[in-house]
Amino acid sequence: MIIVVDPEKKTKIPFSRGILTRSITSTGVDVGIAYSIAAEIVKELERKKVKVITKDEIRKMAYKKLLDHGLKDAARKYLFWHELRRLKYPMIILLGGATGVGKSTLATELAFRLGIRTVIGTDTVREVMRKIISKELLPAIHTSSFLAWRELRNLPKDVDPLIYGFESQVRYVTVGINAVVERSYKEGFNTIIEGIHLVPGYVSLNDRSFMYLITVKNSEALEARFYERARYSLRPAEYYVKNIDNIMHIQEYLIEKAKEYGIPIIENIELEQSINSIMNNLMEEIPKRLKERGIELSI
Ligand SMILES: Nc1ncnc2c1ncn2[C@@H]1O[C@H](COP(=O)(O)OP(=O)(O)O)[C@@H](O)[C@H]1O
Ligand SMILES: O=C(O)[C@@H](COP(=O)(O)O)OP(=O)(O)O
């Protein structure tokens, strides 16, 4: 058995091909190729009868293998994410977007790629709030975001009822979201939060939070997503398809808010492309934020 040591952190763990494969896939390399690179590294270590190896030595071997395979961009990303882990720069990634656009799918994939263990949906925050605050007290949180307007009385005359109702649910749920955000900052954990309630100008952001608005091209694309989701979820497609015009109207409102606050907008056409866009943006943004703190990434 090969033991991986980290003299700095005083850790000793058995070498895991799975862990190495995952850290290589975090660069966007196909999992099959990542697995074969990890296998090549294991074979080389066994041939040299290596019994103990440091994380740094593995990192250098993986980086060289990526270059040998002609995967220059992946090699750069690989070094970046490892340097970031060394720096202990806990970040919060927030994926907003209308119902059904692909937020939770992207959040799960991004968490896997970046080795982030905490993923929280704002609909879960809302569910907890629903248990604490009764429908009589706060009707606007006890329904879907695109139907909240129907629970409100005496709406002001000059407002868009749908958006007014949506904003009232967002305002309430944001109280819970900000509690989650503060906890993540306090614990220093990397966290991904995803949900319809992440609206620019409501959720509190700081230099360690990275927000993205996930969108779909049109209602046809969104409708297909609802039917796709209904194949494995109890959320009936028809319920959302019936309200698709209101959901798309909320997406237009979210796009306006994203432009107003300079939040990157990711049209979620293909999963890999969306993940890469977010990771490339993070690789641009993080060094800038670190530089403002006087920290230079050594890659
Ligand atoms: N880029 C994509 N291409 C095709 N289908 C997608 C993509 N992203 C997500 N989906 C599918 O769309 C459906 C809704 O995605 P989901 O992540 O549940 O949306 P949200 O969390 O935004 O409500 C799911 O069935 C998911 O598999
Ligand atoms: O309120 C809403 O718009 C959706 C948000 O969920 P996502 O589809 O964005 O995950 O919750 P639902 O009514 O489906 O319980």
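Residues numbered from 1 in each chain as written. Chains lettered and ligands numbered in written order. Predicted model: local features only at pLDDT ≥ 70, side-chain atom pairs only at ≥ 80, totals over all residues. Heavy atoms only, no water.

Description of the sheet that holds strand E8 (residues 265-267)
(1) Moving on: The parallel open sheet is built from 5 strands, whose spatial order is E5-E6-E4-E7-E8. Two strands in the sheet have a free side with no partner beyond their single neighbour: strand E5 (118-121) and E8. Averaged over all pairs of adjacent strands, the angle between strand axes in this sheet comes to 20°, irrespective of strand direction.
(2) Moving on: Direction of pairing for strand E4 (residues 92-97) relative to strand E7 (residues 209-215): parallel, over a ladder of 6 bridges. (Pairing = 2+ DSSP bridges. Helix = DSSP H or I, 4+ residues; strand = E, 2+ residues; numbered from the N terminus. Axes fitted to C-alpha atoms, helices over the stretch in contact; angles between N-to-C directions.)

Structural notes on the site of ligand 1
(1) Moving on: Taken together, 15 residues lie near ligand 1, and Gly100, Lys103, Ser104, Thr105 and Arg229 sit nearest.
(2) Moving on: Thr105 is positioned with one of its side-chain polar atoms (N or O) 2.6 Å from an oxygen atom of ligand 1.
(3) Moving on: Here ligand 1 loses 84% of its free accessible area of 560 Å² to cover by the protein chains.
(4) Moving on: Taken together, the residues of the shell around ligand 1 break down into 5 nonpolar, 5 polar and 5 charged. (Near = heavy atom within 4 Å. Polar contact = N/O pair within 3.5 Å; in protein donor to acceptor, adjacent residues only side chain to side chain. Areas by Shrake-Rupley, 256 points an atom, 1.4 Å probe, with all protein chains shown as cover. Nonpolar A, V, L, I, M, F, W, Y, C, P; charged D, E, K, R; others polar.)

Some thoughts on the site of ligand 2
(1) Moving on: Taken together, Thr99, Gly100, Lys103, Asp123, Arg126, Ser144, Ser145, Phe146, Ile196, Arg229, Arg235 and Tyr240 form the complete shell of residues around ligand 2.
(2) Moving on: Separating an oxygen atom of ligand 2 from a side-chain N or O atom of Ser144 is a distance of 2.3 Å.
(3) Moving on: Here Arg235 contributes a side-chain N or O atom positioned 2.7 Å from an oxygen atom of ligand 2.
(4) Moving on: With the chains in place, 91% of the 390 Å² that ligand 2 exposes on its own is no longer accessible.

Quick look at the packing of helix H8 (residues 219-230) against helix H10 (residues 244-261)
(1) Moving on: With their axes 11 Å apart at the nearest point, H8 and H10 run at an angle of 115° to one another. Considering only the axes of H8 and H10, their crossing is right-handed. Every residue of H10 that contacts H8 at Ser219, Leu222, Glu223 and Phe226 is listed here: Ile244, Ile247 and Met248.
(2) Moving on: The residue makeup of the contact of H8 with H10, split by class, is 5 nonpolar, 1 polar and 1 charged. (Left-handed = near helix turned anticlockwise from the far one by under 90°. Contact = heavy atoms within 4.5 Å.)

Things to note about helix H2 (residues 31-47)
Helical geometry: 3.6 residues make up each α-helical turn, so side chains three or four residues apart lie on a common side.
(1) Moving on: Spanning 17 residues, H2 covers 24 Å between terminal C-alpha atoms, matching the ideal 24 Å at 1.5 Å per step.
(2) Moving on: Among the residues of H2, those classed as buried are Ala34, Ile37, Ala38, Ala39, Ile41, Val42, Glu44 and Leu45.
(3) Moving on: Along its buried surface, H2 packs onto helix H1 (17-25), strand E3 (52-54) and helix H3 (55-68).
(4) Moving on: Capping the start of H2, Asp30 holds a side-chain oxygen 2.8 Å from the backbone nitrogen of Gly32, two or three residues further along. (Expected span 1.5 Å × (residues − 1). Buried < 20%, exposed > 50% of the residue type's maximum accessible area, 1.4 Å probe, protein only.)

Looking at the packing of aromatic side chains
(1) Moving on: For the structure on display, the rule yields 6 aromatic pairs.
(2) Moving on: Judged by centre distance (5.9 Å) and plane angle (70°), the ring pair of Phe146 and Tyr240 falls under edge-to-face. Here Phe146, found in the loop between helix H6 (122-132) and helix H7 (161-187), pairs with Tyr240, found in helix H9 (residues 237-242); they are 94 residues apart in sequence, far enough to count as distant. When sorted by exposure, Phe146 lands in the same class as Tyr240, which is buried.
(3) Moving on: Chaining the aromatic ring pairs together yields one cluster made of Phe146, Phe226, Tyr239 and Tyr240. (Phe/Tyr/Trp six-rings, centres within 6.5 Å; stacked < 30°, edge-to-face > 60°.)

Some remarks on the domain arrangement of the protein
(1) Moving on: As assigned here, the protein comprises domain 1 (3-87) and domain 2 (92-276).
(2) Moving on: For domain 1 versus domain 2, the distance between C-alpha centres works out to 36 Å.
(3) Moving on: Contacts between domain 1 and domain 2 engage 7 residues on the former and 6 residues on the latter.
(4) Moving on: Buried area between domain 1 and domain 2, summed over both chains or domains, comes out near 590 Å², and the portion from carbon and sulfur atoms is 54%.
(5) Moving on: Counting the contacts that link domain 1 with domain 2 gives 0 salt bridges.
(6) Moving on: The interface formed by domain 1 and domain 2 includes 1 residue pair in polar contact (both at pLDDT 80 or more).
(7) Moving on: Counting residues per element, the side of domain 1 that touches domain 2 draws most heavily on helix H4 (residues 72-87), at 3 residues.
(8) Moving on: For the side of domain 1 that touches domain 2, the residue count by class is 1 nonpolar, 3 polar and 3 charged. (Domains from an automatic or database assignment. Buried area = accessible area lost by both parts, 1.4 Å probe. Salt bridge = Lys/Arg side-chain N within 4 Å of Asp/Glu carboxyl O.)

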